[in-house]
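One letter stands for each residue in the lines below.
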Amino acid sequence: MTTRQGHKTLTHGARVLLCRCPERHGRLDLDRTAEVLSEAGIAVRLVDALCDSKTFPKEMLGTALGGVERLVIGACSPFLIGELLEQALRHRWDLRWTLVDLRDVRDPVALSGILKSRLQVLSPPFKKMCGFPSADTPHRSLRPIGAKAPRGVLVIGGGVGGCQTALDLAGMDIPVTLVEADDSLGGNMARLDKTFPTLDCSICILGPRLVDAASHPNITVLASSRVKRISGRPGHFLVEVEHRPRYVDMTLCSGCGACSEVCPVVVPSAWNAGLRPRKAVGIVFEQAVPLRAAIQKEYCIECGLCEKACERKAIRLAEEPRVSRLHTAAVVLAEGARPFQASRLGSYGYGRFPEVITNLEFERLVCATGPTQGSLITPTGSRPRSVAFIQCAGSRNRRFLPYCSVTCCTASIKEAILVLEHEPEAAVTIFFNDVRTAGKSFEGLFLRARERGVRFVKALPDRVERAKEGGRLSVHYRSLAHRGTQTLEADLVVLAVGVEAPNADPRWVVRRPPQRDRYGFYEEAFFWGGQVVSTVPGIFLVGGCHGPRDITQTVTEASAAAAHVAKWLRRVSSTPAKSLEP
Amino acid sequence: MSGIGVYICHCGQNIAGVIDVQALRERVACRSEATVVKTNVFCCSEPGQKEIQEDIKEHGLERVLVAACSPRLHEVTFRRTIAQAGLNPYLLEMANIREQCSWVHRGPEALDKALDLILMGLARLVRLIPLQDRVVPVTRRALVIGGGVGGLSAALELADCGVPVVLVEKSVHLGGQVLRWNIPVPNADPLSCFVRPLITRAMLHPRIRVLDGSTLEDVQGTIGRFTASIQGAAGSSTEEVGAVVVATGFEPYNPDLSRYPFASLPQVMTSVQLEEIFRKEKPGHPATPSALEGVRTVAFLQCVGSRLDEEYPHCSRICCAITLKQALALRALGIEVQVFHRDIRLYDKNQEEELYGRARRLGVQFHRGTLKAVEPDSEGGLRICWHDEFLQSTLCVPTDRLICAVGLRPRSDAESLRRVLRLAVSQDGYLLEAHPKLHPLESAVEGVFLAGSCQGPKDVRETVAASVGAAAKAYQLLCKDHLLLDGMIAVIDRDRCTGCGTCAAECPYQAIALREDEKGTTKAHVETAACKGCGVCAGCCPTEAADHLGFPLEALKAMVDAALAEGAAQKILAFCCHWCAYAGADAAGVSRIPYPANVRIVRVPCSGRISARLVLHTFKKGASRVMVAGCHPPGDCHYISGNLRFESRVPRIRKLLSKKGYDPERFSYHWVSATEGPQFQHIVRRLAEALESEQKKTASSAPNAAAGDEGGR
Ligand SMILES: Cc1cc2nc3c(=O)[nH]c(=O)nc-3n(C[C@H](O)[C@H](O)[C@H](O)COP(=O)(O)OP(=O)(O)OC[C@H]3O[C@@H](n4cnc5c(N)ncnc54)[C@H](O)[C@@H]3O)c2cc1C
Ligand SMILES: Cc1cc2nc3c(=O)[nH]c(=O)nc-3n(C[C@H](O)[C@H](O)[C@H](O)COP(=O)(O)OP(=O)(O)OC[C@H]3O[C@@H](n4cnc5c(N)ncnc54)[C@H](O)[C@@H]3O)c2cc1C
Ligand code: SF4
Ligand code: SF4
Ligand code: SF4
Ligand code: SF4
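Described in the following lines is the structure provided in the data block.

Reading the values: the criteria
Residues numbered from 1 in each chain as written. Chains lettered and ligands numbered in written order. Predicted model: local features only at pLDDT ≥ 70, side-chain atom pairs only at ≥ 80, totals over all residues. Heavy atoms only, no water. Salt bridge = Lys/Arg side-chain N within 4 Å of Asp/Glu carboxyl O. Helix = DSSP H or I, 4+ residues; strand = E, 2+ residues; numbered from the N terminus. Buried < 20%, exposed > 50% of the residue type's maximum accessible area, 1.4 Å probe, protein only. Contact = heavy atoms within 4.5 Å. Buried area = accessible area lost by both parts, 1.4 Å probe. Nonpolar A, V, L, I, M, F, W, Y, C, P; charged D, E, K, R; others polar. Pairing = 2+ DSSP bridges. Axes fitted to C-alpha atoms, helices over the stretch in contact; angles between N-to-C directions.

Here we take up the pattern of salt bridges. Taken as a whole and assessed by the stated rule, the structure comprises 83 salt bridges over all chains. One salt bridge connects aspartate 189 of chain B with arginine 24 of chain A, and the closest N-O pair in it is separated by 2.7 Å. Placement of the pair is aspartate 189 of chain B in the loop between strand 7 (165–168) and helix 8 (191–204) and arginine 24 of chain A in the loop between strand 1 (14–19) and helix 2 (30–39), with the two residues belonging to separate chains. Exposure remark for arginine 24 of chain A: the relative accessible area of 11% places this residue in the buried category. Among the ionic pairs, aspartate 168 of chain A bridges to lysine 473 of chain B, the shortest N-O distance being 3.0 Å. Taken as a pair, aspartate 168 of chain A in helix 6 (residues 160–171) and lysine 473 of chain B in helix 13 (residues 460–478) lie in two separate chains rather than in one. Across the pair, lysine 473 of chain B and aspartate 168 of chain A agree in class, each one buried. Put simply, Arg396, Asp434, Arg436 and Glu443 of chain A together with Arg307, Asp343, Arg345, Glu353, Arg368 and Glu389 of chain B are held in one network by salt bridges that share partners.

Right under this line is the structure:
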């Protein structure tokens, strides 16, 4: 295959280093591979565990690689050992190296072919390469960009996760653009009444955070905007953001609400889960950030009353969508998860019976800023005497969501306690599958609920029905303790619906967009990698968009992602030419 | 007083639903000389803040009082608000009419108390002086304690960002507990393949210095400038660092024989032992560990050492998933597996629910219920008797081996570290974070961060996330040369100071030195950068020469005067420390735990700020009861030992009171933590009951006019 000449160039200054990792690919017969390569005149070294702190310096540091110009390392994935290799070889500008993952290789002879071809790739024409190419990213994309690299970071999604990432990055003096699709920051947490396990008021702790994020000099908040298109390459993304018209001049509006007073059109407030009417123009909720009005144009009849009422002349009925562009070095995806559509669970009667509501609707219902100003009144207008929570609504069900949605058990326990705070005499029943209160001090909340008299029944109800017209709902379930079906009368049924993967997705015009897993959540490329690494270098994941999470986990990940971004920025902006440490 | 603006917040219905804010506004307007008195639906919202800023410009306000929620929540917010409008941020006061009023009281009492709180606030506000933030240089190095995956990830993250790191590990090798776990997680790279490169990287990293076999003996200093003494095998050394990351990990539970008598049987082992008997797989060899030779059935018992109602009610979070991994490994060896559990708790969509399904399909049996007994049977195996929730009956099954899925516990040797760093623990014994939702990575001590399973049970994935996150927090501190600290510190009035040295001896931070001035007399001198602002010096100074800039004696006295201006005989005056007792009163509010409305709370930085004379002053003004509440000793005090300093003063206070003719029994002190709302209620109730019964007694002997006082307002 190779000519004499080619052969010589292939072997000259070349080395193949193979690791017989005992745990990962110990079954592969590397001796055979080594044999084949040696026959071809290529220098091969076999080591027992390359990453071991005793072996590694012997193989990689000092004079160990003297005379080697091209090095192919057959070991594990770049996520496991890449940073170690890079740390050790960073200053060896005379050395070109690459890493081959041996995990999925079965045939030792075929492997020798792969290694040889990698050696060939390392031949002089591709001189500038440095850093490790991962299994599925092209080499060139990981080359440092140097001083021309953009410094900014794009965070998509302004929930608690996105805001925390933005704040942490801003604290490191890194400029951030935070794009939020809704009219206000806050995401799901802003809609909650209380948060478990401490039952502190959700918007009270979140509100200041949102104000901090919006007022930070390093953070630009783009509300009512969506990322339309992302192109470019890792380290230098080109982002197109579309600004949905709010029909209100954000620089003039003071959020006084005079416009919504005069607006004649009453529409359901999506923010309040449709439970409370609002006007076609107005602010989303009292602590919204930015606190500016917006017109829901699909309902607006263009009567112009708000234009007259607004003292500041902020109404712009003819506003058009705008598009802006920016360059960023990294992208953080914090789009959160979507609640599962409860109406898909036909047998629970969501949508047919007004007393059947979802957990998120319940949060709005008991919230002081919600539709009833915090009184617990069922949609039929009465004070509930019996409330049933049905857990795992959609979750852990192969037909709908095959995974556990993580927060709904503890959320329902919290909500059960809230019911008792409003109606101490009410009978509260939680129908569960497993009680998953595994977080710090969650078990205490569970015990508290049991002490307060919340009944826990291990059963998932079959169906919810109304026995007679105008009567109460009956929840039919099969409990373990009794034979046959049993019935519970309830005035309010709360479905603890799970969460689904985010569907909104910018159009990716990059070589490899971030992958989704089989449930549609963003995939984490590296199991042990602190849960924030996406399949594309320079793109990081935070919060509900890559799996159900509670707030604590989201906030923790947000900080972790900020650290990863900081490191990534250092890396892309480092000078690609020969130089010592910056 | 001109130039003061008062803003009363509705907080939606939170305040306005209980207190008639308009009436309150009018009463404040006619009882004080404030220039502007307004109400707002949400003062903290953007327009709310804007209104304040506009008024500052328009009316030339110089000081602002916001009557809203707890200053613990929004003091920082409103300080920034007024600072943006050009005022000195320290010229702000908040009257806590939500947590400590509308959430715990009802009716006219609530309105009266709200008015008092505002008048007390105004009394302090007019006596505040403009302060400047202190600029403190930052030592741009980090100390990481613990060399498990948590500590390694944090150290590497910081080092990669350019921060030099000192990594202190107690044992002789890095890696922590994960090196003991040999059973692989399905569908993932082996744990050792993740940890080994981390260890090597840390050892070779040019910016990481690993000190193994070492422990932290002592830490002095404060955020940005800590001095740590480290005791190693080769002797002790000191390190100057700007931030500390704690990653000391957990400890697996060791079954207690009095609770689990069967744990000593030879057929019973823990999940930790099971991991350890699994040798690293040798290629081509059968993988069955020799200790499991001939074993056909294995049972797992979940929640060993966790979820024990009285003893340790907490869930260990990860043992269910570990059992799943172990059960699958045993099943792959052809062993029958049964799992006796309470709930199966999995919280990671990536793997676990799917593994649960796979385990069930592969024939692992799951039984939900409660354990009745474990006894050896005649054939050398075990009999497990179990009350099954599904069958509603007790069944006994034979098994060859029983594996106790032991829980995770805080490290038993963490106490000395805790004391050195002044960290608090939560109820489950793990290190306490600054806020369970929004500050899970910070400890209450500024500049000290929590990484990994020392804060609560975490698997490796979560440990890495938390540690890298903690590194991000530390990096935010260490990426700058300077740090701004608040200006609320101590001052010494040279004229009054006699140079007695009491304050220098009592200051928990050694921030006071005695120096000779120009005239050769010895005077106390405060090191501004070292002072943390506890006010212990002001509390102990016999000549009242030491004072606190944010809580000056004059202001505290004025607050007491305002609180007791009317109906003093009916009132309980409570001095509560900002960090624990005041937060505990807030917690009572947040949980809507009502308590008698005749208590008036004066916030102080620390119980150590309270001097004997201040207590005396309060009685002189007619208070019927005076209480001082601080953090639980010894460890909870935010200022190391301020609470103990105060306690040591109590005998002197009692003596002074009886000398001046006041019943020392009317003075009391208590320890209340930030979560102890019910305890706070209990204390106030007891005081109020004592007061009531006393008054009934006096009322029966001599009719008292004070009763009409409350209503007369
Ligand atoms: C009923 C219920 C109760 C809960 N109770 C609790 C509790 O008590 N305690 C607790 O810890 N957790 C609780 N949780 C979980 C908690 O809500 C989540 O953990 C948290 O909100 C996740 O935050 P996030 O930032 O990841 O996502 P989100 O809060 O969902 O925020 C995502 C944001 O991104 C925006 N966005 C989405 N797509 C785009 C796009 N393409 N472009 C721009 N912006 C976009 C969205 O508008 C949204 O603002 C509860 C969840 C539910 C459903
Ligand atoms: C039986 C069992 C099986 C497990 N299997 C898995 C699994 O398969 N997958 C998984 O993800 N997780 C697993 N875990 C959990 C995993 O062990 C932890 O998540 C992980 O060890 C946490 O790492 P850490 O760094 O926080 O703590 P540790 O690993 O405990 O490390 C702490 C380090 O700090 C050092 N240290 C402690 N105190 C001091 C001090 N005062 N000064 C200096 N140094 C100190 C210790 O010596 C230690 O090296 C398992 C746990 C158990 C009990
Ligand atoms: S648009 Fe005008 S009327 Fe409406 S909230 Fe804004 S300023 Fe007020
Ligand atoms: S958290 Fe609870 S309710 Fe939610 S999916 Fe998981 S087991 Fe079901
Ligand atoms: S994780 Fe599972 S086994 Fe562990 S304490 Fe919690 S419920 Fe019990
Ligand atoms: S306020 Fe506290 S820290 Fe400051 S000098 Fe006084 S006693 Fe020391």
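In this section: the environment of phenylalanine 285 of chain A. Its place among the elements puts phenylalanine 285 of chain A in the loop between strand 14 (281–282) and strand 15 (294–295). Placed 280 residues apart in sequence, phenylalanine 285 of chain A and valine 565 of chain A show a C-alpha to C-alpha distance of 32 Å.

Looking now at the interface of chain B and chain A. Opposite the 90 residues of chain B that make contact, chain A presents 100 residues. Carbon and sulfur atoms supply 57% of the area that chain B and chain A bury against each other, a total of about 8100 Å² over both sides. The largest contributions to the chain B side of the interface with chain A come from Lys349, Lys437 and Arg461 of chain B, which together make up 11% of the buried area. At the surface where chain B touches chain A, the tally comes to 16 salt bridges. Arginine 103 of chain A is paired through a salt bridge with aspartate 189 of chain B; the nearest N and O atoms lie 3.2 Å apart. When residues in the side of chain B that touches chain A are grouped by element, the largest group, 12 residues, is from helix 13 of chain B. Residue classes in the side of chain B that touches chain A are distributed as 38 nonpolar, 22 polar and 30 charged.

Here the focus is the sheet that holds strand 22 (residues 455–458) of chain A. Residues and elements named next belong to chain A. Spatially, the 5 strands line up as an open sheet ordered 19-26-20-21-22, and their pairing is parallel. Each having just a single partner strand, strand 19 (356–358) and strand 22 make up the two edges of the open sheet. On average, adjacent strands in this sheet sit at an angle of 25° to one another, irrespective of strand direction. Strand contacts of helix 11 (residues 408–422): strand 20 (386–393), strand 21 (427–432), strand 22 and strand 26 (492–497), with the helix running at about 170° to strand 20, the strand carrying the most contacts.

Here we take up the pairing of strand 5 (residues 134–137) of chain B. Residue and element names in this part refer to chain B. Residues Arg134 and Val136 point to one face of strand 5 and are all buried, whereas Val135 and Pro137, pointing to the other face, are not buried. Sheet topology places strand 5 next to strand 25 (residues 482–485); 4 bridges connect them, and they run antiparallel. Following the sheet pairing, arginine 134 is matched in strand 25 by leucine 485.

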